[in-house]
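The chain contents come next:
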Amino acid sequence: RDIKPENIMVKNPGTSEERVVLIDFGISSTVTEAAGGPLVATWPYASPEQRLDPEKISARSDIFATGVVLYEMLSGHRPFGNGIDEDVRLLGISCPDGHQRQVDAINDILKRALMMDPSRRYSEALDMSRELELVGSTDFSVILRSDGTILNLGSYPAPVPPVPVPPVPRTP
């Protein structure tokens, strides 16, 4: 379970067979777990439950990571930087050139996908996909910014550990 931009590829670009595909979907964690190691995750895209209790990982964890990728695609940066606080608020997406209905719909989708409590997220990726399709397309010249209304994402039932920082080697 490692949904991140580097694992999203376009197959047959520019053709009628063009498709977006996920690569390395679960391979790294399966190999690591089989070897008796800790669960592998890319922290900026990992859901709170993935950080706290890998046994509770579900499709909703993947939806969280997809929400992080979507926010990053639209705004140009990750929604949480490298960490998640206990009570999370996030600036939504805004658009200075109209398209308010679509921007509001995107913010609603982001809010639901990025909820800290997994039970408040989409239960299936197909539900999120259908809502994204209903948003419709916008002109690619539209500029989106992350300075919109604040999205209250709630909190996870337990404190979320910070992003691990590797120790700095000491020189003699």
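Since this is a predicted model, take the numbers as computed values, not measurements.

What follows is about the overall build of the chain. Secondary structure summary: the chain contains 5 helices and 4 strands in total. Looking at the chain alone, contacts between residues at least 24 apart form 68% of all its contacts between residues at least 6 apart. When the accessible area of the chain is evaluated, it comes to approximately 10400 Å², of which 55% is carbon and sulfur surface.

A word on the pattern of salt bridges. As enumerated under the stated definition, the model contains 3 salt bridges in all. The salt bridge involving aspartate 2 is made with lysine 4; its shortest N-O contact spans 3.4 Å. Summarising the burial analysis for this pair, aspartate 2 and lysine 4 share the class buried. Close ionic contact of arginine 112 with glutamate 131 constitutes a salt bridge, the shortest N to O distance being 3.6 Å. Linking arginine 112 in helix α4 (residues 100-113) with glutamate 131 in helix α5 (residues 125-135), this pair joins segments that are 19 residues apart in sequence.

Here we take up the packing of helix α3 (residues 59-75) against α4. Orientation of α3 relative to α4, taken along the N-to-C sense of each, is 145 degrees, at an axis distance of 8 Å. Crossing hand, α3 versus α4: left-handed. Only Ile106, Ile109, Leu110 and Ala113 of α4 make contact with α3, whose side of the interface consists of Ile63, Phe64, Gly67, Leu70, Tyr71 and Leu74. Its residues assigned to classes, the contact of α3 with α4 comprises 9 nonpolar, 1 polar and no charged.

It is worth spelling out unusual backbone geometry at this point. Leaving glycine aside, a negative phi is the common case for residues, and trans is the common case for peptide bonds. Of note, asparagine 12 is a non-glycine position whose phi angle comes to about 55 degrees, a positive value. The residue asparagine 12 is located in the loop between β1 (8-11) and β2 (19-22) in this model.

Soluble globular proteins tend to pack their nonpolar side chains together in the buried interior. Phe64, Phe80, Leu110, Leu114, Met128 and Leu153 are the most contacted members of the largest nonpolar core, which has 25 residues in total. Every element with two or more residues in this core is listed here: α3, α4, α5 and β4 (150-155). In terms of residue count, the dominant contributor to this core is α3 (7 residues). Excluding residues that lie within four positions of it along the chain, phenylalanine 64 makes contacts with Tyr45, Ala46, Ser47, Pro48, Phe80, Ile84, Ala113, Leu114, Met115, Met116 and Arg121.

Below, the discussion takes up α4. The end-to-end C-alpha distance of α4 is 20 Å, a good match for the 20 Å that 14 residues give at a rise of 1.5 Å each. Among all positions of α4, only Gln102, Val103, Ile106, Asn107, Ile109, Leu110 and Ala113 are buried. Along the axis of α4, the buried residues cluster in a sector spanning 160 degrees; they form a single face. Opposite the buried face of α4, by more than 90 degrees, sit the exposed residues Arg101 and Asp108.

Inspection of the secondary structure assignment puts leucine 110 in helix α4. Taking the C-alpha atoms as reference points, leucine 110 and isoleucine 93, separated by 17 residues in sequence, lie 9.1 Å from one another. In contact with leucine 110, not counting residues within four places along its chain, are Gly67, Leu70, Tyr71, Ile93 and Leu151.

Where nonpolar side chains cluster on the molecular surface, the patch consists of Met9, Val21 and Ile23 and spans about 200 Å² of accessible area. Of note, isoleucine 23 is situated in the loop between β2 and α1 (27-34). Classification of isoleucine 23 by relative accessible area gives partly exposed; the value is 36%.

Criteria and thresholds
Residues numbered from 1 in each chain as written. Predicted model: local features only at pLDDT ≥ 70, side-chain atom pairs only at ≥ 80, totals over all residues. Heavy atoms only, no water. Helix = DSSP H or I, 4+ residues; strand = E, 2+ residues; numbered from the N terminus. Contact = heavy atoms within 4.5 Å. Areas by Shrake-Rupley, 256 points an atom, 1.4 Å probe, with all protein chains shown as cover. Salt bridge = Lys/Arg side-chain N within 4 Å of Asp/Glu carboxyl O. Buried < 20%, exposed > 50% of the residue type's maximum accessible area, 1.4 Å probe, protein only. Axes fitted to C-alpha atoms, helices over the stretch in contact; angles between N-to-C directions. Left-handed = near helix turned anticlockwise from the far one by under 90°. Nonpolar A, V, L, I, M, F, W, Y, C, P; charged D, E, K, R; others polar. Core = buried A, V, L, I, M, F, W, Y, C linked by side-chain atoms within 4.5 Å. Expected span 1.5 Å × (residues − 1). Arc of directions from axis to C-beta. Patch = residues over 30% accessible without salt bridge, like charges linked within 9 Å, V, L, I, M, F, W, Y side chains within 5 Å.

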